[in-house]
Amino acid sequence: MPELKARFAELFGSTPELVAQAPGRVNLVGEHVDFLDGFVLPFAIEDVTTVAIARTVQPTIRIASLQQTDEIFVVQMKDLAPMTGEAWTRYPIGVIWAMRDSLDFRGGFDILIDGKVPLGAGLSSSAALECAIATALNHLFNLNISEPVLARIAQKGENVYVGMPCGIMDQSVSIMGRKGSALLLDCRDLSTEHIPFNISPLGLELLVIDTQVHHALVDGGYAERRASCEKAVAVLGITSLRDISVADFVARKSELDETTYIRAFHGVTEMKRVLDGVAALKAGDYKEFGQIITASHISLRDNYTVSCPELNVAVDTALSLGALGSRMIGGGYGGSAIALIRADQTENMKKAIASAFAAAGFISPRFFTSLPSDGAQIVK
Ligand code: ADP
Ligand code: MG
């Protein structure tokens, strides 16, 4: 923090009015169901993105990031429009753009960013950055925007300004996450419930394994998978895959073609896994919860078919060493996996997974650990 302020002073010749931070996230269970009005169960991680900000009289945004070059990017407030600006600056500027009508402000901003959430590792450094900016502006202008609405604004910045059609999970948990809890988010109405996930006193830890690979989907992309789920909803005459039980869905198998059935089967069972997982956590049954996480991986691998050899090796190795549960997270075909493990296993686990990757000829994975943490807040 003192370094951030000192650097801000060097760059802009003033002190920041306010410093805000927002965390990245991991999703415990509920993968590829946010766009199906499903349930997800992410938690906010300890790593945060911090933004120092000051209003300026000039109607200009001057912005820099400690994770990028020393260059200060300059954008005129009047020129803000979707898809303009340099690549990384679109994320923070997109939020200013999304909030511009609430600001009633003729000036500009000096902004310095310091992100501790690893970029592009599937931990949502993008949402952390957006939510830190949104939180800073909410406080700076005393807007009193509610947490779910602030998440929507940050998402709008990414959807419209950056042009990335992300769901609402990342921004919701980056803003509403709570220490010691996972966030049950209903993607239909954005209602939330904090679910106890206080793993540290239990001697547990969540290991994130970043495979550092990003393969292209070979047999049709995400849009086709999503379309299959939507087709199942239409053919079955239901409003959402959440509105049919697994038994009823299976009983109506003959009404769907094989591909539609198997992809939608993932959706139906994954939503149930989230609710079953919540019940297990409420009962304090982490063994059961781990098995649900692993079942999610098997479904993503075999039914939704979005895993890849690197993710499978990570998961299989973690499970063979006694992880309570493990699965790929995010879109798939690369990116990261998680493993719920005993904290005293962490070093062995990392070594074994790194060796398994080397033996398979994969590039070395990166590892992160994290505990559930608080959402976005003002630091000063
Ligand atoms: P993820 O959200 O999984 O980390 P994304 O590709 O969605 O991956 O977002 C990463 C992008 O967000 C980066 O390439 C960069 O453009 C932007 N970004 C995130 N954090 C920072 C930061 N600290 N400084 C500058 N840009 C950042
Ligand atoms: Mg992202």
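Above this text you will find the structure in question.
Residues numbered from 1 in each chain as written. Chains lettered and ligands numbered in written order. Predicted model: local features only at pLDDT ≥ 70, side-chain atom pairs only at ≥ 80, totals over all residues. Heavy atoms only, no water.

Asks: I'd like a rundown of the environment of arginine 327, residues and numbers included.
Replies: Among the structural elements, arginine 327 can be located in strand β10 (residues 325–328). By relative accessible area, which is 0% here, arginine 327 ends up buried. In contact with arginine 327, other than residues within four places in its own chain, are Asn27, Leu28, Val29, Gly30, Glu31, Ile293, Ser296, His297, Leu300, Val315, Ala337 and Ile338. In terms of polar contacts, arginine 327 uses its side chain to reach the backbone carbonyl oxygen of asparagine 27, at 2.7 Å. Looking at arginine 327, its side chain comes within polar contact range of the main-chain oxygen of leucine 28, at 2.7 Å. (Helix = DSSP H or I, 4+ residues; strand = E, 2+ residues; numbered from the N terminus. Buried < 20%, exposed > 50% of the residue type's maximum accessible area, 1.4 Å probe, protein only. Contact = heavy atoms within 4.5 Å. Polar contact = N/O pair within 3.5 Å; in protein donor to acceptor, adjacent residues only side chain to side chain.)

Asks: So what about the sheet that holds strand β1 (residues 18–27)? Which residues, and what values?
Replies: In any sheet, the strands associate via hydrogen bonds between backbone groups, in a parallel or an antiparallel arrangement. One open sheet holds the six strands; their spatial order is β5-β4-β6-β3-β1-β13, and the pairing between them is mixed. The open sheet has two edge strands with one neighbour each: β5 (73–76) and β13 (377–378). In terms of strand pairing, β1 meets β13 through two bridges, oriented antiparallel. By the bridge assignment, glutamine 21 is partnered in β13 with glutamine 377. (Pairing = 2+ DSSP bridges.)

Asks: A description of the site of ligand 1 should follow, citing residues and the corresponding values.
Replies: Near ligand 1, the surroundings consist of 16 residues, among which Ser65, Gln67, Gly120, Ser125 and Ser126 are the closest. Glutamine 68 places a polar side-chain atom, nitrogen or oxygen, 3.5 Å from a nitrogen atom of ligand 1. For ligand 1, an oxygen atom lies 2.7 Å from a polar atom in the side chain of serine 125. Relative to its unbound accessible area of 560 Å², ligand 1 is 80% covered by the protein chains. Looking at the shell around ligand 1, the elements that each hand over two or more residues are β6 (108–115) and α3 (125–140). The leading source of residues in the shell around ligand 1 is α3, at three residues. Residue composition of the shell around ligand 1, by class: seven nonpolar, nine polar and no charged. (Near = heavy atom within 4 Å. Areas by Shrake-Rupley, 256 points an atom, 1.4 Å probe, with all protein chains shown as cover. Nonpolar A, V, L, I, M, F, W, Y, C, P; charged D, E, K, R; others polar.)

Asks: Describe in detail the pattern of salt bridges, supporting the description with residues and values.
Replies: All told, the structure shown has 19 salt bridges when counted by the stated rule. Across the pair arginine 62 and aspartate 110 runs a salt bridge whose closest N-O atoms are separated by 2.8 Å. With arginine 62 in strand β4 (residues 60–65) and aspartate 110 in strand β6, the pair connects residues that are 48 residues apart, well separated along the chain. For arginine 62, a relative accessible area of 29% translates into the label partly exposed. One salt bridge in this structure joins aspartate 344 and arginine 342, with 3.1 Å as the shortest N-O distance. We classify aspartate 344 as exposed; its relative accessible area is 61%. Among the residues examined, arginine 342 registers a relative accessible area of 41% and is labelled partly exposed. (Salt bridge = Lys/Arg side-chain N within 4 Å of Asp/Glu carboxyl O.)

Asks: Break down the packing of helix α6 (residues 222–236) against helix α8 (residues 258–282) for me, with residues and values.
Replies: For the pair α6 and α8, the least separation of the axes is 8 Å and the interaxial angle reads 95°. Comparing their axes, α8 and α6 come out roughly perpendicular. Counting all contacts with α6, which are made through Glu224, Arg225, Ser228, Cys229, Lys231 and Ala232, the residues of α8 involved are Thr259, Thr260, Arg263 and Ala264. Residues that form the contact of α6 with α8 fall into these classes: three nonpolar, three polar and four charged. (Axes fitted to C-alpha atoms, helices over the stretch in contact; angles between N-to-C directions. Parallel < 35°, antiparallel > 145°, perpendicular 65-115°, else oblique.)

Asks: Got a sec to walk through the packing of aromatic side chains? Specific residues and values, please.
Replies: Inspection of the entire model under this criterion finds 13 aromatic pairs. Where phenylalanine 8 meets phenylalanine 12, the ring centres are 4.9 Å apart and the plane angle is 65°; that geometry is what we call edge-to-face. Placement of both phenylalanine 8 and phenylalanine 12 in helix α1 (residues 2–12) is noted, with a separation of four residues, approximately one turn of the helix. Taken individually, phenylalanine 8 and phenylalanine 12 each receive the classification buried, so the pair is uniform in this respect. Relative to tyrosine 286, the ring of phenylalanine 197 lies with its centre 5.9 Å away and its plane at 35°, an arrangement referred to as tilted. One end of the pair, phenylalanine 197, is in the loop between β8 (192–196) and β9 (204–214); the other, tyrosine 286, is in helix α9 (residues 286–302), with 89 residues separating them in the sequence. Residue classification places phenylalanine 197 among the buried residues on the basis of a relative accessible area of 0%. (Phe/Tyr/Trp six-rings, centres within 6.5 Å; stacked < 30°, edge-to-face > 60°.)

Remember, this is a structural readout, not a statement about activity or role.
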